[in-house]
Number of protein chains: 2
Amino acid sequence: MKKPAKDEFAALRLDNQLCFPLYAASRLVIKLYKPFLDRHGLTYTQYIAMMALWEKDDVAVNELGERLFLDSGTLTPLLKKLETSGFIRRERDAADERTVRIQLTGQGKKLQKAMVDVPRQMASCVHIGRDEAGNLHELLHDLIRNLSKTG
Amino acid sequence: MKKPAKDEFAALRLDNQLCFPLYAASRLVIKLYKPFLDRHGLTYTQYIAMMALWEKDDVAVNELGERLFLDSGTLTPLLKKLETSGFIRRERDAADERTVRIQLTGQGKKLQKAMVDVPRQMASCVHIGRDEAGNLHELLHDLIRNLSKTG
DNA sequence: TACAATTAAATTGTATTCAATTTAATTGTA
DNA sequence: TACAATTAAATTGAATACAATTTAATTGTA
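Because the structure is a prediction, the values reported are computed rather than measured.

## So, the pattern of salt bridges
All names here are of chain A.
Move 1: Enumeration over the complete set of coordinates arrives at 22 salt bridges over all chains.
Move 2: Close ionic contact of glutamate 55 with arginine 67 constitutes a salt bridge, the shortest N to O distance being 3.0 Å. Here the residue glutamate 55 occupies a position in helix H2 (residues 44-55), and arginine 67 occupies one in helix H3 (residues 61-68), the gap between them amounting to twelve residues.
Move 3: By relative accessible area, which is 26% here, glutamate 55 ends up partly exposed.
Move 4: Given the relative accessible area of 29%, arginine 67 is considered partly exposed.
Move 5: Where arginine 120 meets aspartate 117, a salt bridge forms, and the shortest distance between an N and an O atom there is 2.3 Å.

## What to know about the protein's contact with DNA strand C
Move 1: Around DNA strand C, a shell composed of 30 residues is seen, among which A:Tyr23, A:Ser72, A:Thr76, A:Arg90 and B:Thr43 lie nearest.
Move 2: Atoms of DNA strand C within 4 Å of the protein belong to the sugar or the phosphate in 76% of instances, the rest to bases.
Move 3: Within the side chain of B:Thr43, one N or O atom sits 2.7 Å away from a phosphate oxygen of DNA strand C.
Move 4: Of all the secondary structure elements, the ones that give two or more residues to the surface near DNA strand C are helix H1 (19-38), H3, helix H4 (72-85) and strand E2 (88-92) of chain A together with helix H2 (44-55) and helix H4 (72-84) of chain B.

## Digging into the protein's contact with DNA strand D
Move 1: In the neighbourhood of DNA strand D, 30 residues make up the surrounding shell, with A:Thr43, B:Tyr23, B:Ser72, B:Thr76 and B:Arg90 lying closest.
Move 2: Atoms of DNA strand D within 4 Å of the protein belong to the sugar or the phosphate in 78% of instances, the rest to bases.
Move 3: Measuring from a phosphate oxygen of DNA strand D, one finds a side-chain N or O atom of B:Arg27 at 3.0 Å.
Move 4: Note that a phosphate oxygen of DNA strand D is positioned 2.8 Å from one of the side-chain N or O atoms of B:Lys80.

## As for the interface of chain B and chain A
Move 1: The interface is formed by 58 residues belonging to chain B together with 58 residues belonging to chain A.
Move 2: Buried area between chain B and chain A, both sides added, is near 5,700 Å², and the carbon and sulfur share of it is 74%.
Move 3: Counting the contacts that link chain B with chain A gives two salt bridges.
Move 4: Residue A:Glu55 pairs with B:Arg13 through a salt bridge whose shortest N-O separation is 3.8 Å.
Move 5: Inspection of the chain B/chain A interface yields twelve residue pairs in polar contact (both at pLDDT 80 or more).
Move 6: At the level of elements, helix H1 (19-38), H2, helix H3 (61-68), helix H5 (106-114), helix H6 (118-125) and helix H7 (130-150) of chain B are the ones that each hand at least two residues to the side of chain B that touches chain A.
Move 7: With 14 residues, H1(B) is the largest single contributor of residues to the side of chain B that touches chain A.
Move 8: Class assignment of the residues belonging to the side of chain B that touches chain A gives a composition of 39 nonpolar, eleven polar and eight charged.

The rules we used
- Residues numbered from 1 in each chain as written.
- Chains lettered and ligands numbered in written order.
- Predicted model: local features only at pLDDT ≥ 70, side-chain atom pairs only at ≥ 80, totals over all residues.
- Heavy atoms only, no water.
- Salt bridge = Lys/Arg side-chain N within 4 Å of Asp/Glu carboxyl O.
- Helix = DSSP H or I, 4+ residues; strand = E, 2+ residues; numbered from the N terminus.
- Buried < 20%, exposed > 50% of the residue type's maximum accessible area, 1.4 Å probe, protein only.
- Near = heavy atom within 4 Å.
- Polar contact = N/O pair within 3.5 Å; in protein donor to acceptor, adjacent residues only side chain to side chain.
- Contact = heavy atoms within 4.5 Å.
- Buried area = accessible area lost by both parts, 1.4 Å probe.
- Nonpolar A, V, L, I, M, F, W, Y, C, P; charged D, E, K, R; others polar.

In short, geometric facts, not functional conclusions.
Written out as structure tokens, the structure is:
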């Protein structure tokens, strides 16, 4: 007589994987950002590129890409748009013509002041406790450290 | 005399946000999946669509979209590709011609058996402890519950 | 110094994402 | 029953992602 079989495919269920919740949560949070970013004329990816530049200006596309885990295929068109919008300048490095250095314009620097409240506004939309947020933050950073070593 | 100012822009740092680690971790994990999925001719989004269908067959595009948090703009072309690949059938519902029902083909069902080991193979790439994984899983699900209520 | 190897961006092509609009079918109601 | 409102997919257009290739510049070395 057959026992009621334990589901042999249990591991293939969406809810039993780490990846799907990561993917879903990431997209939901980014969608939540949209109205706040729209006001400033930025997409989410453009926003994190600006954040990286506010932390460190005058960097090569490469270096920016390492911080954001994005390659030139994504960054080149994105940076061209940010340039057209007036937030950055793209200049070939005179010492090494292969690299393009990204610099904030005055407008790009002003944007930081204008967006200083965005994180607080976002936080008020995501109802998550201090402890949970801290916990999640630490777990995600461990995961990222882990994965960026591998790849 | 000015005190050394606490950084007024601290909240705008990439590392101080929840969203960026989510976004980065999600993309890194998906990238890790690629070689395992390539073997079976699936992209990551196609893979989670198939997972959803393995759990529940013969569903409308709408219902699939709710489970995956994706809309018809993403799903329609993706499902057409899965149909071309031979894993699913798309049929208008006779009772309500507006809805398209998605059904697994024999090949689509066989694929589940062929991919049963993918989660284990993935797990062996992501070196994360049982407790951490469980923790992260729970925190992400709380966050998703939270966000899908809001939106 | 030639020149192969390497490196940095840019380009190309495929596949998402998603907001907004359109099309077609169904439902609710005056 | 007409017909406005609603609903489900599909379509359109803009912006990513990313693998793979290309282009141009630089480095290492025979």
